[in-house]
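An overview of the molecular structure
Okay, here's what each chain looks like letter by letter:
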Amino acid sequence: MSGAPSEFAELIRVRGLVQGVGFRPTVWRLANHYGLRGWVGNDGGGVTISVQGRSDAIDEFLAHLRRRPPILARIEALERVRVGATTDQGPFRIADSAAGAVRTGVVPDAAICPACRLEIFDPAARRHRYPFANCTHCGPRLSIVEAIPYDRANTTMREFRLCETCAAEYADPADRRFHAQPIACPSCGPRVWLEPPAAGDAIDEARRLLLSGRVLAIKALGGFHLACDATNAAAVARLRTAKRRDAKPFALMAPDLAVVSRYAKVTAEAEAALHSPASPVVVLDALDACSLPGIAPGLDTLGFMLPGTPLHELLLHDLDRPLVMTSGNLSDEPQCIGNGEARDRLCNLADHFLLHDRAIARRVDDSVVREMSGATRVVRRARGYAPAPIVLPDGFRDAPAVLAMGAELKSTFCLLRDGEAVASHHMGDLENAATFADYRRSIEQYADLFAHRPQAIAIDRHPDYLSAKLGLELAARRELPCVRVQHHHAHLAACMAENGVALDAGPVLGIVLDGLGWGDDGTIWGGEFLLGDYRRFRRVACLKPVAMPGGAKAVREPWRNVLAQLLAGMDWPNVVAQYGGTDVVRYLREKPVDTIAAAIARGVNAPLASSCGRLFDAIAAAIGLCRDRALFEGQAAMMLEAAARKAGVAGDPYGFALLETSDGLLHLDAAPVWPALLGDIAAGVPAGVIAARFHGGLAMGMAQTVDAVALEAPIALSGGVFQNRILLEQLVELLEARGHRVLTHRNVPANDGGLSLGQAVIAAAQTLET
């Protein structure tokens with residue numbers, strides 16, 4: 001076929017999330033619609049399109065592709081190069097995948113799409129009641145892929161040879177399963193079974209067992225779940241005991257929105273998140289916290305998700321209640337992913353096992369989001385979100401490849417290259433040996449998957465972080481520079497990067513509030529006002545440092561923080577004289593006050609900390625919440641927030657003082673809070689009112705500190721404390737009312753799960769400067 005004189009030819013390179021999402025068949029259909037010839041194929045860089053036809057048709061074709069790509073696709077770059085028209089371009093076709101330098105993204109796993117959902121409940125459909133139905137718009141991706149390009153041979157589905165009918169669907173560009181790599185059916189795909197075995201359908205029997213009060217281990221998309229009837233208090237209590245999860249909230253799965261709405265308030269934002277392809281756990285305000293006893297003790301929120309796989313859809317079909325759907329592991333251990341592993345590790349937790357024979361390439365936990373300040377914000381970034389690349393702001397395109405090691409808790413790592421950052425899925429707390437081993441394996445897997453060869457490694461400055469120690473080891477072994485990044489500077493940089501602040505933009509004022517991070521002055525930081533960019537920062541203000549008596553014990557035992565605050569801001573004999581009748585002072589007098597006071601005075605195992613997290617612990621413990629011991633990280637602060645929300649409007653906020661040190665650093669001092677708070681306790685003011693007055697006072701104190709700093713810079717809010725909805729919303733409102741531009745996290749966690757992104761961009765910026 002000869003090209004007419006009016007025809008032109010182009011070679012088009014598309015980068016982004018464009019493999020495994022039906023991108024090639026979409027291109028094929030559009031090219032034929034616009035009368036174009038040529039081909040489209042996957043390669044290591046994404047998708048290449050060779051197209052020939054009228055110039056206006058090519059323009060319309062690309063405009064249509066940009067405007068309406070496949071639902072799971074994300075086009076990050078589209079490069080057009082005019083080439084010579086040829087006489088041998090036949091009808092448009094889909095070419096075989098090519099090798100090449102890996103520069104494309106791996107698509108996150110996606111929840112079952114509406115078409116597949118209809119199909120599994122259609123008695124006339126070939127995949128009726130098939131728990132592994134999927135297409136190019138849904139199904140497993142990250143959890144099964146082992147190499148790029150994303151083709152069936154590079155996934156754990158290669159063990160299942162396609163039947164003739166599936167092969168025909170796979171080869172038909174007009175079919176929604178065209179080149180859907182996990183394609184399967186009951187004749188040729190994975191199967192599901194119950195252990196111990198039972199007569200009848202395995203999923204129906206599993207449902208019956210759950211309704212009878214049994215606990216099941218269920219092999220899901222990225223790992224095992226432990227499930228039970230959420231309305232059965234005895235089953236919930238038994239699961240808590242077996243899992244050693246005394247108080248941390250359980251995630252719930254409901255069959256549909258109607259069931260969710262019986263237990264929680266569902267806003268339009270929350271509904272969109274629940275139905276999104278990511279299918280995360282959505283933290284919702286409970287309508288009645290007592291209606292599901294044992295699910296979220298002491299809290300006023302519930303975490304719900306909807307069925308995200310055909311297996312879960314079938315399991316929950318026709319149920320009129322939610323199920324507990326928590327990770328399949330003992331608390332703080334990695335989630336099980338293999339059948340044998342689950343049989344060994346979960347045998348004392350589950351009564352039965354619902355298993356299948358599709359292997360999981362890597363564990364991917366459920367993501368968690370929460371609506372705050374008018375937007376859905378990621379709290380834990382895992383299934384459905386990771387490892388979608390984060391496009392970096394202007395200035396990072398030529399940055400060297402960086403491996404950032406992340407933090408110790410809520411750990412992730414990050415690969416930076418070519419103006420993009422790939423933050424890993426949530427790994428967990430590295431203090432657990434099995435989690436740390438999984439973290440090490442995952443770094444190697446991602447390096448292979450993305451063909452990432454770092455030119456620098458970034459670590460936290462804390463000398464005892466396991467992630468930092470491993471980073472130093474890797475840097476030494478590979479003879480690479482190792483960039484040590486201050487913890488709170490990384491939080492600031494992560495928020496800047498997510499909000500598109502350019503590399504060479506002016507400084508941003510970061511308010512970074514968390515539990516703790518290693519400070520440049522050798523103390524523990526955690527309530528920081530940092531003025532900085534990607535390369536450097538200056539500390540301009542902080543919460544006034546207060547001792548953490550007992551060191552790490554103060555994290556686990558909130559009463560220690562109350563005592564430290566009172567000893568720092570008040571005279572203890574006067575506290576006893578004036579407020580000795582309050583329950584908190586009576587409680588503290590039973591503790592070794594003199595010994596702790598002496599240790600603080602001598603600086604023995606009582607490090608100074610400007611930690612906002614410890615201040616929240618102190619306030620919570622003072623009003624009787626989680627006073628003796630915290631059973632999980634953040635418990636006291638979460639209970640304090642719940643108490644404040646229950647109280648609603650609570651009158652005047654507590655006042656903080658703003659002091660200037662001899663070196664010009666501003667201290668936001670909580671000392672004035674304590675006489676007022678103790679007075680309220682003595683007067684019988686409800687705990688919730690006290691909690692609300694504290695939240696309001698802290699937000700006001702932060703805004704007044706910004707006033708005192710007197711800068712015109714944008715303000716970035718980061719750190720785990722900003723997962724507190726009351727504080728975030730009140731502070732954003734105060735700052736915006738003052739005319740400030742406020743930057744907040746949405747797609748990257750404000751907690752330490754986002755730290756690796758900040759480390760990566762700081763290391764890249766500093767390396768570019770040298």
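Below is a summary of the structure that appears in this document. Small disclaimer: the values here were computed from a predicted structure and weren't measured.

1. Some remarks on the overall build of the protein
The secondary structure content of the protein amounts to 24 helices and 30 strands. Taken against the 2.2 N^0.38 rule, which gives 27 Å for 770 residues, the C-alpha radius of gyration of the protein at 28 Å falls within 12% of a compact globule. Seen along its three principal axes, the alpha-carbon backbone of the protein occupies a region of about 95 × 65 × 50 Å. For the protein, the proportion of its 770 residues judged to be buried stands at 61%. When contacts within the protein are restricted to residue pairs at least 6 apart in sequence, those whose partners lie at least 24 apart make up 73%. Element-wise, carbon and sulfur atoms account for 51% of the exposed surface of the protein, whose accessible area totals about 28600 Å².

2. Thoughts on the environment of serine 327
Residue position: serine 327 is located in strand 12 (residues 323-327). A residue is classified by how much of its surface remains accessible, and serine 327, at 14% relative accessible area, is buried. Separated by 20 residues in the primary sequence, serine 327 and cysteine 347 place their C-alpha atoms 14 Å from one another. In this structure, serine 327 is in contact with Phe224, His225, Leu226, Lys243, Gln335 and Asp365, ignoring residues within four places of it in sequence. Side chain to side chain, serine 327 and asparagine 329 meet in a polar contact 2.7 Å long.

3. Topic: the layout of surface pockets
If you roll a probe as big as a water molecule over the atoms, it shows you where there is empty space left. If you add up the space inside the second largest pocket, you get close to 690 Å³. Every residue lining the second largest pocket is counted, 30 residues in all, and those nearest its centre are Arg74, Gly384, Tyr385, Ala388 and Asn747. Mapped by element, the contributors of at least two residues to the lining of the second largest pocket are strand 15 (375-380), strand 16 (390-391) and helix 13 (487-498). Residue composition of the lining of the second largest pocket, by class: 19 nonpolar, 6 polar and 5 charged.

4. Structural notes on the side chain of asparagine 724
Relative to the elements of secondary structure, asparagine 724 occurs in the loop between strand 29 (715-718) and helix 23 (725-737). For asparagine 724, a relative accessible area of 6% puts it in the buried group. Sequence-distant contacts of asparagine 724, that is, excluding residues within four places in its chain, are made with Met372, Phe616, Glu641 and His695.

5. Concerning helix 2 (residues 55-67)
For helix 2, with 13 residues, the first-to-last C-alpha span of 18 Å sits near the 18 Å given by 1.5 Å per residue. Where helix 2 is buried, its residues contact strand 1 (7-17), helix 1 (23-33), strand 3 (46-54) and strand 4 (74-83).

6. Points about the packing of helix 15 (residues 559-569) against helix 18 (residues 593-602)
At their nearest, the axes of helix 15 and helix 18 sit 11 Å apart, and the two run at 65° to each other. On the basis of their axis angle, the class for helix 15 and helix 18 is roughly perpendicular. As for the relative orientation of helix 15 and helix 18, their crossing is right-handed in sense. Of helix 18, the residues touching helix 15 (which contributes Trp559, Arg560, Leu563 and Leu567) are Val593, Ile596, Ala597 and Ile600. Of the residues that constitute the contact of helix 15 with helix 18, the class distribution is 7 nonpolar, no polar and 1 charged.

7. Re the side chain of glutamate 498
As for its position among the elements, glutamate 498 is in helix 13. Within the structure, the side chain of glutamate 498 is placed 2.6 Å from the backbone nitrogen of arginine 746, a separation counted as a polar contact. Setting aside residues no more than four positions away along its own chain, glutamate 498 makes contact with His745, Arg746, Asn747 and Val748.

8. What about the sheet that holds strand 18 (residues 414-417)?
One open sheet holds the 6 strands; their spatial order is 16-19-18-17-20-21, and the pairing between them is mixed. The sheet terminates laterally at strand 16 and strand 21 (482-485), the two strands that pair on one side only. Across 4 bridges, the pairing between strand 18 and strand 19 (residues 420-423) is antiparallel. Within strand 19, the position partnered with cysteine 414 by the bridge is alanine 423.

9. A word on the environment of proline 108
Structurally, the position occupied by proline 108 is in the loop between strand 5 (93-94) and helix 3 (114-120). On the basis of relative accessibility, which here comes to 8%, the residue proline 108 falls in the buried class. Sequence-distant contacts of proline 108, that is, excluding residues within four places in its chain, are made with Leu17, Arg141, Leu142, Gly384, Tyr385, Ala386, Pro387 and Ala388.

10. Brief notes about the sheet that holds strand 14 (residues 368-372)
In spatial order, the strands read 6-13-7-8-12-9-11-10-14-15; together these 10 strands make up an open sheet with mixed pairing. Whereas interior strands pair on both sides, the edge strands pair on one side only; in this sheet they are strand 6 (192-195) and strand 15. Pairwise comparison of adjacent strand axes, ignoring direction, gives a mean angle of 35° for this sheet. Looking at chain direction, strand 9 (residues 251-253) and strand 12 are connected through 2 bridges and run antiparallel. Along strand 12, the bridge assignment pairs methionine 253 with leucine 323.

11. A word on the nonpolar core
The biggest cluster of nonpolar side chains holds 116 residues, and the ones touching the most others in it are Ile511, Trp674 and Leu717. The residues touching leucine 717, leaving out its near neighbours within four places in the chain, are Cys495, Ile511, Phe722, Leu728, Leu731, Val732, Leu735, Val742, Leu743, Thr744 and His745.

12. Re the packing of helix 13 against helix 24 (residues 755-769)
In contact at an axis separation of 7 Å, helix 13 and helix 24 are set at 90° when each is read in the N-to-C sense. Here helix 24 runs roughly perpendicular to helix 13, going by the angle between their axes. Here helix 13 contributes His487, His489, Ala490, His491, Ala493, Ala494 and Ala497 to the contact with helix 24, which in turn contributes Leu755, Leu757, Gly758, Gln759, Val761 and Ile762.

13. What about a nonpolar patch on the surface?
A contiguous nonpolar patch, built from Leu11, Val81 and Val83 and spanning about 210 Å² of accessible area, is present on the exposed surface. Looking at the secondary structure, you find valine 83 in strand 4. The exposure class assigned to valine 83 is partly exposed, which follows from its relative accessible area of 37%.

14. Re the packing of aromatic side chains
Enumeration according to the criterion identifies 9 aromatic pairs in this entry. Taking 5.9 Å as the distance between ring centres and 20° as the angle between the ring planes, the aromatic pair formed by phenylalanine 436 and tyrosine 439 counts as stacked. Of this pair, phenylalanine 436 and tyrosine 439 are both found in helix 11 (residues 433-449), 3 residues apart, which corresponds to roughly one turn of the helix. Across this residue pair, the class does not change: phenylalanine 436 and tyrosine 439 are buried. Their ring planes at 85° and their centres at 5.1 Å tell us that phenylalanine 616 and phenylalanine 694 sit as a pair that is edge-to-face. Residue phenylalanine 616 is located in helix 19 (residues 612-622), and its partner phenylalanine 694 is located in helix 22 (residues 687-709); the two are separated by 78 residues in the primary sequence. One aromatic cluster is present, formed by Phe413, Phe436, Tyr439, Tyr446 and Phe450 through successive ring pairs. Between arginine 539 and the ring centre of tryptophan 525, over which it is positioned, the NZ or CZ distance is 3.9 Å. Just above the ring of tyrosine 587 sits the side chain of arginine 627; from NZ or CZ to the centre is 5.3 Å.

15. Digging into helix 13
Its 12 residues give helix 13 an end-to-end C-alpha distance of 17 Å, which sits within 8% of 16 Å, the value for a rise of 1.5 Å per residue. The buried fraction of helix 13 amounts to 12 of the 12 residues, a majority that puts the element mostly inside the structure. Once helix 13 ends, the next one or two residues include glycine 500, with phi positive near 75°.

Calculation criteria
- Residues numbered from 1 in each chain as written.
- Predicted model: local features only at pLDDT ≥ 70, side-chain atom pairs only at ≥ 80, totals over all residues.
- Heavy atoms only, no water.
- Helix = DSSP H or I, 4+ residues; strand = E, 2+ residues; numbered from the N terminus.
- Rg over C-alpha atoms; globule rule 2.2 N^0.38 Å.
- Buried < 20%, exposed > 50% of the residue type's maximum accessible area, 1.4 Å probe, protein only.
- Contact = heavy atoms within 4.5 Å.
- Areas by Shrake-Rupley, 256 points an atom, 1.4 Å probe, with all protein chains shown as cover.
- Polar contact = N/O pair within 3.5 Å; in protein donor to acceptor, adjacent residues only side chain to side chain.
- 1 Å grid on protein atoms, 1.4 Å probe; cavity = no way out; pocket = protein on both sides within 12 Å on 5 of 7 lines; lining within 4 Å.
- Points joined across faces, edges and corners; volume = space filled by probe spheres on them.
- Nonpolar A, V, L, I, M, F, W, Y, C, P; charged D, E, K, R; others polar.
- Expected span 1.5 Å × (residues − 1).
- Axes fitted to C-alpha atoms, helices over the stretch in contact; angles between N-to-C directions.
- Parallel < 35°, antiparallel > 145°, perpendicular 65-115°, else oblique.
- Left-handed = near helix turned anticlockwise from the far one by under 90°.
- Pairing = 2+ DSSP bridges.
- Core = buried A, V, L, I, M, F, W, Y, C linked by side-chain atoms within 4.5 Å.
- Patch = residues over 30% accessible without salt bridge, like charges linked within 9 Å, V, L, I, M, F, W, Y side chains within 5 Å.
- Salt bridge = Lys/Arg side-chain N within 4 Å of Asp/Glu carboxyl O.
- Phe/Tyr/Trp six-rings, centres within 6.5 Å; stacked < 30°, edge-to-face > 60°.
- Lys NZ or Arg CZ within 6 Å of the ring centre and 35° of its normal.

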